[in-house]
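Survey of secondary and tertiary structure
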Amino acid sequence: MNDDGHRVIRPYMLAFAGLQRKAAVAMQAILDAIQDPGSSAGDFAALPLPEGYRAVTLHRDEEHMFDGLEPGDRDPRTSLHLEEVPVPELGLGEALIAVMASSVNYNTVWSSIFSPVSTFAFLRRYGRLSPLTARHDLPYHVVGSDLAGVVLRTGPGVTAWKPGEEVVAHCLSVELESADGHNDTMLDPEQRIWGYETNFGGLAELALVKANQLMPKPKHLTWEEAATPGLVNSTAFRQLVSDNGASMKQGQNVLVWGASGGLGAYATQYALAGGAIPVCVVSSERKAGLCRAMGAELVINRAAEGYKFWKDEKTQDPKEWKRFGARIRELTGGEDVDIVFEHPGRDTFGASVYLTRKGGTIVTCASTSGFMHEYDNRYLWMSLKKIIGSHFANYREAWQANRLIAKGKIHPTMSAVYPLEQTGQAALDVHRNRHHGKVGVLCLAPREGLGVRAPELRAEHLAKINRFREPVAA
Ligand SMILES: NC(=O)c1ccc[n+]([C@@H]2O[C@H](COP(=O)([O-])OP(=O)(O)OC[C@H]3O[C@@H](n4cnc5c(N)ncnc54)[C@H](OP(=O)(O)O)[C@@H]3O)[C@@H](O)[C@H]2O)c1
């Protein structure tokens, strides 16, 4: 860090300033082509590729830098670097993307604090699979699992996408050589999250993806708005809507933890769009206001109402589960919830299992507060409840979720935008739960507000697109 608290750019691989200058010139030509509406596929294909690009990285030789510190005390600003790295070679079925914008997901928090594991362990394991995957096993890890940008090059075997096409990428990376993943690609034994369990992620000027990660960029959104839904929107879609998740139906009551956060704000939107009734749990009046702005009527401010589900580190307090359940009934007119949208994990899971209605479903995709859950199993089996594990989304689910954004049925939840240089600060804000919805990161985009190709559709939905950016009355 320098005296202003800004990250210092440390060239990692390209030692010579001359090479960096050449890369900057080539990158400017790419940006000029993206911003010129007359650029053709041929123009993009003819653009020379730079030898290096600026990327947000972690360093393998720093993976123990936080040893001895609690995960909550680790600061992503000290582990995330912005530096120039070489452009990876393009392989079979892959695409090289000029990244205009990306976003910070919670997995960037996990990777940057090397918890619960160092992501270099993932890269090492992936690298052992084949000569192609060996490219990922490097002493640096380019992180980031979202992008909006433009196809620059496609590898052999790619026919669905061409240079110049404007895209977003979902983060499912699969090899699909085993039979196991051919019904639901999430079940592929070589399933990974791009930019977390693989290298060459989206928080960078360029990114390497498998071409089957690509989806059309929603035309009515700016680059940074389009870059923010991908990971969380797809995850919430599978977890709540898909038959692989809770298979939510009209009229059901859905308890949404963190209802204005990354995942929760999409779960809230899906509940409302699908005719269900979200019961939104948040920790401030500002967040309660955001839930109401999305159309939710039933909101619980867990901080103001002071629920304390654990008496101490080992003992839960069923009286608090009951107090919380009673509050839900008060809001719903005496009904329990059919579905609990779970991700806080250890802190809330006992309460979630308790308060779900008879025959209901607890669907979980994470354990932010701790993954060793404890719950009273009598409430599960005697009341015939189900716990479903859910993880990201298959290609089809990610496509369906993106389609709903493109049609203006589900909206981005972007509250703030950071320059690439400030990614560490953005990750710290998410780590400290100081953010709302999602935060965007500008990569090649020189400023906010660019990339809108369907202004009429945008005008129709502008207030909803901006609702996380507007001050909300409590
Ligand atoms: N498996 C997957 O595919 C997948 C995909 C995306 C995310 N995830 C995981 O899901 C988790 C949430 O991700 P996110 O993007 O939604 O993060 P986020 O933007 O930080 O939102 C999570 C929200 O959960 C609430 N929360 C946090 N700790 C809590 C606690 N102890 N008790 C009750 N509420 C709590 C907070 O809301 P309030 O303070 O307002 O209550 C917070 O804003 C992370 O662990 C992430 O890694 C998994």
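Coordinates for the structure precede this section.
Helix and strand counts for the chain come out as 16 helices and 20 strands. Taken over C-alpha atoms, the radius of gyration comes to 22 Å for the chain, in line with the 23 Å a tight globule of 474 residues would show. Overall, the C-alpha framework of the chain stretches about 65 × 55 × 55 Å when taken along its three principal axes. Out of the 474 residues in the chain, the part that is buried amounts to 58%. If you sum the accessible surface of the chain, you get close to 19,400 Å²; carbon and sulfur atoms cover 52% of it. Taking the average place of the 51 positive charges on the side chains of the chain and the average place of its 54 negative ones, the gap between the two points comes to 5 Å.

Attention shifts here to the site of the ligand. Near the ligand there are 25 residues, and of these Gly262, Ser283, Arg302, Phe392 and His435 occur at the shortest range. In this structure, Leu263 approaches the ligand through a main-chain N or O atom, which is 2.8 Å from an oxygen atom. In this structure, Lys287 approaches the ligand through a side-chain N or O atom, which is 3.1 Å from an oxygen atom. When the ligand is considered free in solution it has 910 Å² of accessible area, and contact with the protein chains removes 90% of it. Where the shell around the ligand is concerned, the elements lending two or more residues are α4 (106-112), α7 (230-241) and α12 (346-355). Take the shell around the ligand: its biggest share by element is 3 residues, from α7. For the shell around the ligand, the per-class residue count stands at 10 nonpolar, 12 polar and 3 charged.

Let's shift gears to the packing of helix α11 (residues 318-332) against α12. In helix packing, the relevant descriptors are the interaxial angle and the interaxial distance, both defined with respect to the helix axes. Taken N-terminus to C-terminus, the directions of α11 and α12 make an angle of 55°; their axes are 10 Å apart at the nearest point. Considering their axes alone, α11 and α12 lie oblique with respect to each other. You can see that α11 and α12 cross each other, and the crossing is right-handed. Contact with α11, carried on its side by Trp321, Lys322, Phe324, Gly325 and Ile328, involves Gly350, Ala351, Tyr354 and Leu355 of α12 and no other residues of that element. Grouping the constituent residues of the contact of α11 with α12 by class yields 6 nonpolar, 2 polar and 1 charged.

Another point: the pattern of salt bridges. Evaluation of the coordinates by the stated rule reveals 22 salt bridges. With a closest N to O distance of 2.7 Å, Glu225 and Arg458 form a salt bridge. Taken together, the positions of Glu225 in helix α6 (residues 223-227) and Arg458 in helix α16 (residues 455-465) put the pair 233 residues apart, joining distant regions of the chain. No difference in accessibility class separates Glu225 from Arg458, as the two residues are buried.

Following the sequence through the fold, Val281 ends up in strand β12 (residues 277-282). It is 19 Å that separates the C-alpha atoms of Val281 and Asp317, two residues lying 36 residues apart in sequence. In this view, Val281 contacts Leu255, Val256, Trp257, Gly258, Ala259, Ile300, Arg302 and Phe324; residues no more than four positions away in its chain are not counted.

With that out of the way, let us pick up the nonpolar core. Counting residues in hydrophobic clusters, the biggest one holds 115 residues, and the most contacted among them are Tyr53, Leu214 and Trp223. Looking at this core, the element that brings in the most residues is strand β3 (residues 94-104), giving 8 residues. The contacts of Tyr53, once residues within four sequence positions are left out, are Met27, Glu83, Glu84, Val85, Pro86, Val87, Pro88, Val142, Phe200, Ala204, Glu205 and Leu206. One finds Phe309, Trp310, Val337 and Ile362 within the second-largest nonpolar core, a separate group that totals 20 residues.

As for its placement among the helices and strands, Ala366 is situated in the loop between β17 (356-364) and α13 (377-381). Residues within four places of Ala366 in sequence aside, it is in contact with Glu342, His343, Gly345 and His373.

For the rest of this paragraph, the subject is the pairing of strand β16 (residues 337-342). Counting buried positions along β16 yields 6 of 6 residues, so the element is predominantly enclosed. Sheet analysis places strand β11 (residues 253-256) next to β16, joined by 3 bridges and oriented parallel. The partner of Val254 across the bridge, within β16, is Ile339. Note on the crossover from β16 through α12 to β17: the handedness is right-handed.

This brings us to the side chain of Glu83. Here Glu83 lies in strand β2 (residues 81-86). Judged by relative accessible area, Glu83 falls into the buried class, the value being 0%. Within the structure, Glu83 has its side chain in polar contact with the side chain of Thr57 (distance 2.4 Å). In this structure the side chain of Glu83 is engaged in a polar contact, spanning 2.9 Å, whose partner is the side chain of His59.

What counts, and at which threshold
Residues numbered from 1 in each chain as written. Predicted model: local features only at pLDDT ≥ 70, side-chain atom pairs only at ≥ 80, totals over all residues. Heavy atoms only, no water. Helix = DSSP H or I, 4+ residues; strand = E, 2+ residues; numbered from the N terminus. Rg over C-alpha atoms; globule rule 2.2 N^0.38 Å. Buried < 20%, exposed > 50% of the residue type's maximum accessible area, 1.4 Å probe, protein only. Areas by Shrake-Rupley, 256 points an atom, 1.4 Å probe, with all protein chains shown as cover. Lys, Arg positive; Asp, Glu negative; His and termini not counted. Charge placed at Lys NZ, Arg CZ, Asp CG, Glu CD. Near = heavy atom within 4 Å. Polar contact = N/O pair within 3.5 Å; in protein donor to acceptor, adjacent residues only side chain to side chain. Nonpolar A, V, L, I, M, F, W, Y, C, P; charged D, E, K, R; others polar. Axes fitted to C-alpha atoms, helices over the stretch in contact; angles between N-to-C directions. Parallel < 35°, antiparallel > 145°, perpendicular 65-115°, else oblique. Left-handed = near helix turned anticlockwise from the far one by under 90°. Contact = heavy atoms within 4.5 Å. Salt bridge = Lys/Arg side-chain N within 4 Å of Asp/Glu carboxyl O. Core = buried A, V, L, I, M, F, W, Y, C linked by side-chain atoms within 4.5 Å. Pairing = 2+ DSSP bridges. Right-handed = clockwise from strand over helix to strand, strands pointing away.

Taken by themselves, the reported measurements are silent on function.
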